[in-house]
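Given next are the chains, with one letter for each unit.
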Amino acid sequence: MYYGWWLAAASAVITFAGSLNNYGFSVFFLPITRELGLTRAQTSFVFSAARLEGGIEAPIAGWLTDKLGPRTMLIIGNILCGAGFILLGLVAHSFWTLFIVWVFVASLGFQTGFYTAILAALNIWFVRHRAKAIGLIASANRVGGVVWTPLLAFLVVNQGWRTGAVFAGIAILVITLPLSLAFRRSPESMGLRPDGDPIDGEVPDAPGVAPRSQPATADFTVKQALKTPAFWLFSAAQLCRMVSFGAITVHMIPILVWKGQSEQGAAYLFSLIPLIGIPMTLVYGVLGDSFSKQRI
């Protein structure tokens with residue numbers, strides 16, 4: 001089997017572990033607010049600052065990924081993210097220690113070592129099957145939400161949020177670090193070509209798939225891309241999506257508790273959101289390699 005699919009599988013498992021960062025904060029929101037004596041606005045601000053920090057450092061992380069390779073960035077990011085969760089459970093006893101640990105350790109590692117490095121790697125290893133590979137890791141992120149949200153809630157309710165945070169950090173380190181070693185810089189570094197195509201000869205044309213002699217997309221430099229309206233429109237759309245998704249993700253469990261659910265019951269209900277999304281991300285991944293992405 002083409003080695004790129006092994007990397008896609010490893011990326012899916014790493015993303016599964018990384019979803020602890022996406023969905024875990026909502027589980028910790030109420031216990032942290034109560035124990036540290038914070039207002040909900042203060043706790044929300046920590047999450048918002050982490051996302052802002054990710055937006056600032058993402059271009060730097062992308063540049064470093066090009067220079068150092070995905071594997072190095074994955075290892076660095078995974079260590080930071082796992083250590084951040086462990087430190088969260090051990091040393092976060094005030095607003096400022098919470099802020100520093102979550103924003104500058106856990107979230108910095110997550111932004112560096114999960115999405116940035118993984119997406120860069122998949123874009124190098126796949127061309128015609130790129131949407132399938134990205135759909136696979138997107139579905140793995142949602143599987144993580146289904147699994148980790150109720151599990152963390154169970155730990156928080158029965159053992160405390162600090163135990164849950166330390167568990168999350170150890171899980172991230174144990175799952176992600178060995179898999180990060182499987183990453184290679186490019187198919188060419190292993191004597192391969194993207195998508196597993198033969199070294200010599202062209203791939204036969206398939207319905208709905210552009211032949212290699214006529215690429216379906218143009219190649220842009222960074223400077224050229226920044227000058228296109230499409231890039232900025234896409235960025236604006238991503239901004240709107242992430243603003244709404246981030247607000248829902250961090251506040252869903254507190255909202256459900258406010259509406260009368262127990263914290264663990266709210267976590268179970270919250271896990272239904274990523275559960276519903278699992279099949280659709282896989283379907284869109286398959287369709288995205290065969291049809292116009294704009295129409296889809």
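Definitions and cut-offs
Residues numbered from 1 in each chain as written. Predicted model: local features only at pLDDT ≥ 70, side-chain atom pairs only at ≥ 80, totals over all residues. Heavy atoms only, no water. Helix = DSSP H or I, 4+ residues; strand = E, 2+ residues; numbered from the N terminus. Rg over C-alpha atoms; globule rule 2.2 N^0.38 Å. Buried < 20%, exposed > 50% of the residue type's maximum accessible area, 1.4 Å probe, protein only. Areas by Shrake-Rupley, 256 points an atom, 1.4 Å probe, with all protein chains shown as cover. Lys, Arg positive; Asp, Glu negative; His and termini not counted. Charge placed at Lys NZ, Arg CZ, Asp CG, Glu CD. Phe/Tyr/Trp six-rings, centres within 6.5 Å; stacked < 30°, edge-to-face > 60°. Lys NZ or Arg CZ within 6 Å of the ring centre and 35° of its normal. Salt bridge = Lys/Arg side-chain N within 4 Å of Asp/Glu carboxyl O.

Turning next to the overall build of the protein. Check the secondary structure of the protein and you find ten helices and zero strands. Over its C-alpha atoms the protein spans a radius of gyration of 20 Å, differing by no more than 12% from the 19 Å that the globule rule assigns to 296 residues. Burial statistics for the protein: of 296 residues in total, 45% are counted as buried. Of the roughly 14,900 Å² of accessible surface on the protein, 71% is carried by carbon and sulfur atoms. For the protein, the centre of its 20 positive side-chain charges and the centre of its 13 negative side-chain charges are spaced 7 Å apart.

Turning our attention to the packing of aromatic side chains. Summed over all chains, the structure comprises 19 aromatic pairs. Where Phe16 meets Trp148, the ring centres are 5.1 Å apart and the plane angle is 35°; that geometry is what we call tilted. Of this pair, Phe16 sits in helix H1 (residues 3-36) while Trp148 sits in helix H5 (residues 130-159), and the two are 132 residues apart along the sequence. Between Phe95 and Phe99 the ring centres are 6.1 Å apart and the planes differ by 35°, which places this aromatic pair in the tilted class. Here the residue Phe95 and the residue Phe99 both occupy positions in helix H4 (residues 95-125), the gap between them amounting to four residues, near one helical turn. Phe99 carries the same exposure label as Phe95, and that label is buried. Three or more aromatic residues joined by ring pairs make a cluster, and in this case those are Tyr2, Tyr3, Trp5, Trp125 and Phe126. The lysine or arginine in question, Lys259, covers the ring of Trp258, its NZ or CZ lying 4.5 Å from the ring centre.

Once that is clear, we can look at the pattern of salt bridges. Enumeration according to the criterion identifies five salt bridges in this entry. Among the ionic pairs, Arg34 bridges to Glu263, the shortest N-O distance being 2.8 Å. Here Arg34 is found in helix H1, whereas its partner Glu263 is found in helix H9 (residues 263-270), with 229 residues between them in sequence. Owing to a relative accessible area of 54%, Arg34 belongs among the exposed residues under this scheme. A salt bridge links Asp195 to Arg128, with the shortest nitrogen-to-oxygen separation between them at 3.9 Å. Here the residue Asp195 occupies a position in the loop between helix H6 (161-180) and helix H7 (222-226), and Arg128 occupies one in the loop between H4 and H5, the gap between them amounting to 67 residues. Exposure class is identical for Asp195 and Arg128. Each is buried. Among the charged side chains, a network of salt bridges with common partners joins Arg128, Asp195 and Asp197.

Function-wise, these values are silent; they only describe arrangement.
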